[in-house]
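# Examining the three-dimensional arrangement
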Amino acid sequence: MAVGALPRTMDALSRRAAMLRDSLRRSQGNTDGMVAILGSFDHRLSALEAAMRPTQVRTHAIRTAHENIDRTIKAADSILSQFDLARRAEAAILRGPHEDLESYLEAVEVLKGIVRFFNSNKNFKSSDSVLNHVNNLLAKSTMKIEEEFKQLMSTYSKPIEPDRLFDCLPKSMRPTKAEQEADGGGHSDHQSKGLETAIYRTPTLIPPRILPLMNDIAQQLVQAGNQQSCYKIYRDSRASALEMSLRKLGVEKLSKDDVQKMQWEALEAKIGNWIHFMRIAVKLLLAGERKICDQIFDGVNFNKGHCFAELTANSVLTLFSFGDAVAKSKRSPEKLFVLLDMYEVMRELQPEIDEIFEGKPCIEMREAASSLTKRLAQTAQETFADFEEAVEKDASKTIVQDGTVHPLTSYVINYVKFLFDYQSTLKLLFLEFDSGTEAESQLAAVTTRIMQALQNNLDGKSKQYKDPALTYLFLMNNVHYMVRSVRRSEAKDILGDDWIQRHRRIVQQNANQYKRVAWAKILQTLSVQGAGSSGDLSSSGVSRAMIKERFKSFNMQFEELHAKQSQWIVPDQELRESLRLAVAEVLLPAYRSFIKRFGNLVENNKNPQKYVRYSPEAVDQLLGQFFEGQQWAEQKR
């Protein structure tokens, strides 16, 4: 910047500064004026506020009074509405629950709401008198509800007719009309196999539409403190219906003495019925009772477990008592299969029993079922042991005169074959008492012991025969029957090929012994040795006479053998033909040879047929009549 221009700049700045100072002085003056004016307004507003304060107080009092009036009107309205509700509810209570139970229960809930209303608003005048009136109505309603509950339980707790129960069974298990008339609908045959997938339909014990109302009533009774009445009414009604249903079905309470006195046929029929009744009782009746008990007391603060246990106790005791009586009665071989049937059904039903009688209150029912199952298993196992001992020690004096299969043999074999229908059950039975050993090996051991016991007994019985040949024929027949029966049954897989081969050898040994003992003497008669003192018998009169005696002896012995052994029996055709062939293969060649060599010594006699009475062909034909069980007189005719 030039030096000459500096004074001009300074003058300009000075003028601007003077203008700013002057502007600031005027602004301060304005501010002071405004402050003065505002101060004046403040004094005026204070005065105005002081003047309006009485008006504000009166306005607030009026507003508060209006609010109080509104609240009072609302309270009055609510009280009046409660009175109106009480009046209408009272009318429903006085009419009773019978005509319209749902409306009645709604009226009870209304009365309970009124009680809650006045209990939460105790400052209302006369609330005590209203509460007393409403509580009296509630007490009446509880009495009427209890009566209605009793009436409903009585109406809908009728016994179920057997036909209705049978309709709920799987089709394969429904009895025919003839069976129903004969034995009350029971089945006595072994039928549990294949029932695992059978469908049972739970019967309708109480109509479904009634159950929600009963649930509401139970709620009301328990809430009113009448749970004991509710408990007793329900228990007594349902217990009576259940017991009557079982009685109509044919269930009866029998003691050990009752069972002991029964004839076997009658007892067997009763056991068959009991097995059928157990399935119906558990799968239909008890399952149905549990279902309606759970529905009626759903959400109710009520010990339904105890109630259910008490109402079913007598019926379950009646059902189990028969099984217990059979298990404790005198053991006998024929009872084994029905014991296995009973054990089988208890094992089958145990999971359902545990489910139906779940919870601590029903523990006695579960334990009673389990105890009965174990008792039946124990008795069945003891009966097994008894049977094995009875077979070995059977002292019956029955002698089969014809050497055929002894009744004991067929009985024991049929018994064993029948046992194999129960293989799975027997394996479970063995595991009840010895879980450390494989069930199949236990079954094999038991079966082997029974067969050995039979064989030991047959050995004893064979010694009753005076004729040794018949002794061996008897043993051959009976052991062969054992082998053939085992080969044709499931016992083959249990006893094994070794057992079969070993006993086949025993059959053959006895057949060989029979041939040796029965035919040794007659074969000795036909032998060349001893027939004469020299080989040229034609030169000796003594030898000719001896040959005549030999022919006569042969005729006599053969006729005696034929007379006896045509009465003996070899029941198996294959074995019979085999034995005849074995005898023919020994006897016929010897007889032909004897005739060929010595027949000419008797042919020239006056009466040659007296000596050569039978041709070899005739002997062969007569051998075909051996072991047929026919009399000699019949053969001659």
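Residues numbered from 1 in each chain as written. Predicted model: local features only at pLDDT ≥ 70, side-chain atom pairs only at ≥ 80, totals over all residues. Heavy atoms only, no water.

## Observations regarding the overall build of the protein
So the rule is basically this: Only runs of H or I of at least four residues qualify as helices and only runs of E of at least two qualify as strands under DSSP, and these elements are numbered from the N terminus. Each residue is placed in one exposure class: buried if its accessible area under a 1.4 Å probe, protein chains only, is under 20% of its type's maximum, exposed if it is over 50%, and partly exposed if it falls in between. Contacts are assigned to residue pairs that have any heavy atoms within 4.5 Å of one another. Surface exposure here means Shrake-Rupley accessible area, sampled with a 1.4 Å probe, where a residue is shielded only by the protein chains that are shown.
Within the protein, the secondary structure is distributed over 22 helices and zero strands. Per-residue burial for the protein yields a buried fraction of 43% across its 637 residues. Put simply, of all contacts in the protein between residues at least 6 apart along the chain, 81% involve residues at least 24 apart. Looking at the protein as shown, the accessible area adds up to about 34700 Å², and 52% of this sits on carbon and sulfur atoms.

## What to know about the packing of helix α15 (residues 439–462) against helix α17 (residues 491–525)
Rules: Orientation is described by axes fitted as lines to C-alpha atoms, over the contacting stretch for helices, and by angles from 0 to 180 degrees between their N-to-C directions. Working definition: roughly parallel below 35 degrees, roughly antiparallel above 145 degrees, roughly perpendicular at 65 to 115 degrees, and oblique for all remaining angles. A crossing counts as left-handed when the near helix is turned anticlockwise from the far one by less than a right angle, and as right-handed when that turn is clockwise. The residue classification treats Ala, Val, Leu, Ile, Met, Phe, Trp, Tyr, Cys and Pro as nonpolar and Asp, Glu, Lys and Arg as charged. All others, Gly included, are polar.
The geometry of α15 relative to α17 is characterised by a closest axis approach of 10 Å and an angle of 15° between their N-to-C directions. The orientation of α15 relative to α17 falls into the category roughly parallel. Judged by the sense of rotation from one axis to the other, the crossing of α15 with α17 is right-handed. Each of E440, L443, A444, T447, T448, M451 and Q455 in α15 lies in contact with α17, whose residues at this interface are I494, L495, W499, H503 and I506. Its residues placed into classes, the contact of α15 with α17 shows seven nonpolar, four polar and one charged.

## Observations concerning the environment of Y231
Counted only if it meets this: Identification of polar contacts relies on pairs of N or O atoms within 3.5 Å, with a donor-acceptor requirement for protein atoms, meaning one able to donate a hydrogen and the other able to accept it, and with residues adjacent in sequence counted only if both atoms are side-chain atoms.
Summarising the element assignment, Y231 is placed in helix α7 (residues 227–249). Residue Y231 is classed as buried on the basis of its relative accessible area of 12%. Residues Y231 and N303, spaced 72 residues apart in sequence, show a C-alpha to C-alpha distance of 8.5 Å. The contacts of Y231, once residues within four sequence positions are left out, are F302, N303, H306, C307 and E310. Polar contacts involving the side chain of Y231 include one to the main-chain carbonyl oxygen of H306, which spans 3.4 Å.

## Topic: the packing of aromatic side chains
Heads up, the rule is: Stacked, tilted and edge-to-face are the three classes assigned to paired rings of Phe, Tyr and Trp, where Trp is represented by its six-membered ring and a pair needs centres within 6.5 Å; plane angles under 30 degrees give stacked, over 60 edge-to-face, the rest tilted.
One pass over the structure, following the stated rule, counts 23 aromatic pairs. With a centroid separation of 4.9 Å and an interplanar angle of 75°, the aromatic rings of Y234 and F297 are classed as edge-to-face. Linking Y234 in helix α7 with F297 in the loop between α9 (264–296) and α10 (304–328), this pair joins segments that are 63 residues apart in sequence. With respect to burial, Y234 and F297 carry one shared label: buried. Centre to centre, the rings of F297 and F302 are 4.2 Å apart; their planes meet at 15°, and the pair counts as stacked.

## A few points about the pattern of salt bridges
Our working definition: A side-chain nitrogen of Lys or Arg and a carboxyl oxygen of Asp or Glu constitute a salt bridge if their distance falls within 4 Å.
Evaluated as defined, the whole model comprises 26 salt bridges. D294 serves as the salt-bridge partner of R290, at 3.5 Å between the closest nitrogen and oxygen. With R290 and D294 both in helix α9, this residue pair falls four residues apart, about one helical turn. Accessibility expressed as a relative area gives 10% for R290, which makes it buried. Exposure remark for D294: the relative accessible area of 25% places this residue in the partly exposed category. The shortest N-O distance in the salt bridge between R449 and E388 comes to 3.0 Å. Placement of the pair is R449 in helix α15 and E388 in helix α12 (residues 363–393), with a sequence separation of 61 residues. A single network of salt bridges, built from pairs that share partners, joins K232, R235, D236 and E310.

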